[in-house]
Amino acid sequence: MKKIRRTMLFMPGNNPGMLVNGSIFGADSVIFDLEDAVSPKEKDGARILVRNALKTLEYGKTERVVRINALSSPYWEADLKEIVPARPAALLQAKVESAKDVLKLHKILSQQEEQLKIPIGSIEIIPLIETALGIKEAFNIASSSQRVKTLFLGAEDLTADLQAKRSKKGWEIFYSRSRLVVAARSCGKDVIDTPFTDVNDLEGLERDTRFAKELGFSGKAAISPRHISIINNVFSPSESEIKYAQRVLETIEQAKQEGRGVVALDGKMIDAPVVARSQQVLTMVKYIKAGI
């Protein structure tokens, strides 16, 4: 089974309190941040804290991801030197703008894994797409490497690059969201939405999260533990969705046994997309119950 990522919680890599408590917040994944959340003078200390957290702290079924600094920065090589031996599940690669960016990291990771006798390809790459060029190149990025199983939208840097004003309504990122979903889904990949940055507006968070789900996102990032339960709830199938999915598959199975080619439920035809959606719902339930 693949890892479910309804919620991915950012935690500053220089915040020992959050690192220690990362597994208790209920997020499917935690992202130890070595980039934007850490000033240049604190990066060395943050790397050590994150490395030690990865090696010594128990996170249970919570996935551990590390956001490294962009390959255009002077910090990423030191990030990899400290972090790769501690074997995070994935690296969130900042400011990805092309397939070449991903392939460069892919090659370096393969070399390090071989040297460390870590299974080649075991560390996933999650491209963080947060520039206009990155949005334009989204399909090529999604299809660039077998390590890429998920795309990630970063709206704050993106809107600055677009020279647009970030808003709660999100119209300024509507096209970018849609393009990223299409790019990811066309490659069979998942896609994570940008965080909702108003920590106290929980109603706004729920609206934004529901809209992201309607667009086709797999999950949403969070910058506050307060947001996790709402995001998890939105991206989890409801009881009515589960019951309907079960009825769809039961009806299809019964039709097969009876040799019927045309199938209807509650007066509506059951076609292939309805069956596929029902299978997705029940698979999601299985993932959630398994805690993976």
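Residues numbered from 1 in each chain as written. Predicted model: local features only at pLDDT ≥ 70, side-chain atom pairs only at ≥ 80, totals over all residues. Heavy atoms only, no water.

Caption draft 1: Inspection of the overall build of the chain at higher detail. Each helix and strand in the chain was counted, giving twelve helices and ten strands. Against the 2.2 N^0.38 benchmark of 19 Å for 292 residues, the chain shows a C-alpha radius of gyration of 20 Å, consistent with a compact globule. Looking at the 292 residues of the chain, the share that counts as buried comes to 49%. Sequence separation of 24 or more characterises 70% of the internal contacts of the chain that already satisfy a separation of 6 or more. Within the chain, the 37 negative side-chain charges are centred at a point lying 3 Å from the centre of the 43 positive side-chain charges. (Helix = DSSP H or I, 4+ residues; strand = E, 2+ residues; numbered from the N terminus. Rg over C-alpha atoms; globule rule 2.2 N^0.38 Å. Buried < 20%, exposed > 50% of the residue type's maximum accessible area, 1.4 Å probe, protein only. Contact = heavy atoms within 4.5 Å. Lys, Arg positive; Asp, Glu negative; His and termini not counted. Charge placed at Lys NZ, Arg CZ, Asp CG, Glu CD.)

Caption draft 2: Seen up close, the packing of aromatic side chains. Inspection of the entire model under this criterion finds four aromatic pairs. Measuring from centroid to centroid gives 5.9 Å for Phe 10 and Phe 152, while their planes differ by 75°, and the two rings are edge-to-face. Taken together, the residues span a long stretch of sequence, with Phe 10 in strand E1 (residues 7-12) and Phe 152 in strand E6 (residues 150-153) at a distance of 142 residues. For the pair shown, Phe 10 and Phe 152 are each scored as buried. Between Phe 32 and Tyr 59 the ring centres are 5.7 Å apart and the planes differ by 75°, which places this aromatic pair in the edge-to-face class. (Phe/Tyr/Trp six-rings, centres within 6.5 Å; stacked < 30°, edge-to-face > 60°.)

Caption draft 3: Examining the sheet that holds strand E2 (residues 29-33) more closely. One closed barrel accounts for eight strands, arranged E1-E2-E3-E4-E5-E6-E7-E8; its pairing is parallel. Each strand of the sheet is rotated relative to its neighbour by a mean of 25°, with strand direction disregarded. (Pairing = 2+ DSSP bridges. Axes fitted to C-alpha atoms, helices over the stretch in contact; angles between N-to-C directions.)

Caption draft 4: Region of the structure containing the pairing of strand E7 (residues 190-193). A two-sided burial pattern is seen for E7, the buried positions comprising Asp 190 and Ile 192 on one face and Val 191 and Asp 193 on the other. As paired strands, E6 and E7 are joined by three bridges and run parallel to one another. Bridge assignment links Phe 152 to a residue of E7, and that residue is Ile 192. Read as a crossover between parallel neighbours, the route from E7 over helix H9 (residues 202-215) to strand E8 (residues 219-222) is right-handed. (Right-handed = clockwise from strand over helix to strand, strands pointing away.)

Caption draft 5: Region of interest: the pattern of salt bridges. Under the counting rule described, the total for this entry stands at 24 salt bridges. The salt bridge involving Lys 95 is made with Glu 35; its shortest N-O contact spans 2.7 Å. Of this pair, Lys 95 sits in the loop between strand E4 (90-93) and helix H4 (99-116) while Glu 35 is found in the loop between E2 and helix H2 (43-56), placing the two residues 60 residues apart along the sequence. Residue class for Glu 35 comes out buried when judged on its relative accessible area of 6%. Here Arg 51 makes a salt bridge to Glu 82, at a shortest N to O gap of 3.0 Å. Of this pair, Arg 51 sits in helix H2 while Glu 82 sits in helix H3 (residues 76-83), and the two are 31 residues apart along the sequence. A relative accessible area of 22% means that Arg 51 is categorised as partly exposed. Classification of Glu 82 as partly exposed rests on a relative accessible area of 23%. Through salt bridges that share partners, Asp 33, Glu 35, Arg 67, Lys 95, Glu 130 and Asp 157 make up one connected network. (Salt bridge = Lys/Arg side-chain N within 4 Å of Asp/Glu carboxyl O.)

Caption draft 6: Summary view of helix H11 (residues 239-258). With 20 residues, H11 should reach 28 Å at 1.5 Å per residue; the first-to-last C-alpha distance of 29 Å fits that figure. Burial in H11 covers these residues: Ile 242, Ala 245, Val 248, Thr 251, Ile 252 and Ala 255. Those residues of H11 that are buried are in contact with strand E9 (264-265) and helix H12 (272-290). Just downstream of H11, Gly 259 is the residue with a positive phi angle, here 75°. (Expected span 1.5 Å × (residues − 1).)

Caption draft 7: Geometry of the packing of H2 against H3. Contact geometry for H2 and H3: axes closest at 9 Å, N-to-C directions at 25°. Classified by the interaxial angle, the pair formed by H2 and H3 is roughly parallel. Between H2 and H3 lies a crossing of right-handed hand. Residues Arg 47, Val 50, Arg 51 and Leu 54 of H2 form the contact with H3, whose own contacting residues are Ala 78, Asp 79, Glu 82 and Ile 83. (Parallel < 35°, antiparallel > 145°, perpendicular 65-115°, else oblique. Left-handed = near helix turned anticlockwise from the far one by under 90°.)

So yeah, pure geometry; function would need other evidence.
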